[in-house]
Amino acid sequence: MKSVRPKKFLGQHFLKDQGTARDIADTVDACPGLPVLEVGPGMGVLTQYLLPKGRELKVVEIDFESVAYLRKNFPGLEDQIIEDDFLKMHLEHTFGGRPFVLTGNYPYNISSQIFFKMLDYRHLIPCCTGMIQKEVAERMAARPGCKAYGILSVLVQLWYDVEYLFTVEPEVFNPPPKVRSAVIRMTRNDVEDCGCDEALLRRVVKTAFNQRRKMMRGSLKPLFARLDEETGRGKDHTEFLAQPLLTRRPEQLGVADFVALTNDVAAHFGL
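Here is a short report on the structure shown in this document. (Residues numbered from 1 in each chain as written. Predicted model: local features only at pLDDT ≥ 70, side-chain atom pairs only at ≥ 80, totals over all residues. Heavy atoms only, no water.)

## Brief notes about the overall build of the protein
Alright, step 1. The secondary structure content of the protein amounts to 11 helices and 9 strands.
Alright, step 2. With the C-alpha coordinates aligned to their principal axes, the bounding extent of the protein is approximately 65 × 40 × 30 Å.
Alright, step 3. Of the contacts made within the protein by residues no fewer than 6 positions apart, 70% connect residues no fewer than 24 positions apart.
Alright, step 4. Put simply, the protein shows about 12,700 Å² of open surface, and 50% of that area lies on carbon and sulfur atoms.
Alright, step 5. With 36 positive and 35 negative side-chain charges, the protein shows a separation of 5 Å between the mean positions of the two kinds. (Helix = DSSP H or I, 4+ residues; strand = E, 2+ residues; numbered from the N terminus. Contact = heavy atoms within 4.5 Å. Areas by Shrake-Rupley, 256 points an atom, 1.4 Å probe, with all protein chains shown as cover. Lys, Arg positive; Asp, Glu negative; His and termini not counted. Charge placed at Lys NZ, Arg CZ, Asp CG, Glu CD.)

## Thoughts on the pattern of salt bridges
Alright, step 1. This model, assessed by the stated rule, comprises 15 salt bridges.
Alright, step 2. Taking the shortest distance from any N to any O, the salt bridge between Arg 139 and Glu 135 comes out at 3.3 Å. Taken together, the residues span about one helical turn, with Arg 139 and Glu 135 both in helix α5 (residues 134–141) at a distance of 4 residues.
Alright, step 3. Since its relative accessible area comes to 26%, Arg 139 is described here as partly exposed.
Alright, step 4. Glu 192 serves as the salt-bridge partner of Arg 188, at 3.9 Å between the closest nitrogen and oxygen.
Alright, step 5. For Glu 192, a relative accessible area of 66% translates into the label exposed.
Alright, step 6. Taken together, the shared-partner salt bridges in this structure form one network comprising Asp 120, Arg 122, Glu 198 and Arg 202. (Salt bridge = Lys/Arg side-chain N within 4 Å of Asp/Glu carboxyl O. Buried < 20%, exposed > 50% of the residue type's maximum accessible area, 1.4 Å probe, protein only.)

## Here we look at the pairing of strand β2 (residues 36–39)
Alright, step 1. Across the two faces of β2 the burial is the same, with Val 36 and Glu 38 and Leu 37 and Val 39 all buried.
Alright, step 2. Examined bridge by bridge, β2 and strand β5 (residues 101–104) share 4 bridges and lie parallel to one another. By the bridge assignment, Val 36 is partnered in β5 with Val 101. (Pairing = 2+ DSSP bridges.)

## Side note on the nonpolar core
Alright, step 1. One finds Leu 102, Phe 115, Ile 125, Phe 258 and Leu 261 to be the most contacted residues of the largest nonpolar core, which totals 58 residues.
Alright, step 2. Apart from residues no more than four positions distant in its own chain, Leu 102 is found in contact with Leu 37, Val 39, Phe 86, Ile 114, Ile 125, Cys 127, Cys 128 and Thr 129.
Alright, step 3. Ala 25, Val 28, Tyr 49 and Val 168 belong to the second largest nonpolar core, which has 26 residues in total. (Core = buried A, V, L, I, M, F, W, Y, C linked by side-chain atoms within 4.5 Å.)

## Regarding the packing of aromatic side chains
Alright, step 1. For the coordinates displayed, the defined rule picks out 6 aromatic pairs.
Alright, step 2. One aromatic cluster is present, built from ring pairs that chain together Tyr 149, Phe 209 and Phe 258.
Alright, step 3. Note that Lys 58 overlies the ring of Phe 95, its terminal NZ or CZ placed 5.1 Å from the centroid.
Alright, step 4. Taking the ring centre of Tyr 160 as reference, the NZ or CZ of Arg 188 above it sits at 5.9 Å. (Phe/Tyr/Trp six-rings, centres within 6.5 Å; stacked < 30°, edge-to-face > 60°. Lys NZ or Arg CZ within 6 Å of the ring centre and 35° of its normal.)

Printed below as a string of structure tokens:
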């Protein structure tokens, strides 16, 4: 087997530049000593530079053709190849409950889902690195007031410090994607308790940015309508929606603002 055919339905774009691959692999060095889980190794372009680091390494790959390639070309990795869908894995079993570094050249079509799963397992993933679509990387690293600031910015930055490391051009892939890529690193901050109901926080943030051009008092109305139905209280929201914070647009609120707002919403609905 000489090579693996890139599959569009899996979002595969195989990196072919060795220098870039080495640079991406080196991003895990910021979190020494921990095992490493690589998502979507494909033909092992990152794997070949992760192996010499002497870290415990496992790779998860859903493409049977890539799995066959890895088994043939990386025989020493045989017992560490997980043939599975990363999004369906129970990560607490991956390294016997031990923390690990997550890395990879992530498929663009599921990158956001990968990072939401990372948030669910943040107690096991103190560091996450890898390559994603440049636009997504910019959103994750964006600060309040930026056009790119959005749902991922708030929810990821609550728990992680995000570094935009470098940009990668389309020509170094087969096939070349239609967009530029970027390499990021996320390192767990010292926040252990978000200070509010996390499920409600996600609802507040997602609802707000679904209508990001409106002031918060307008963008939150769909959520309030749903909460009215769920609680069966049918409260008057006029006074709540008149507060100064809600005259701002979603991208003008920092993480702490969304946490405080979530607590206010919970108190208003008696949740």
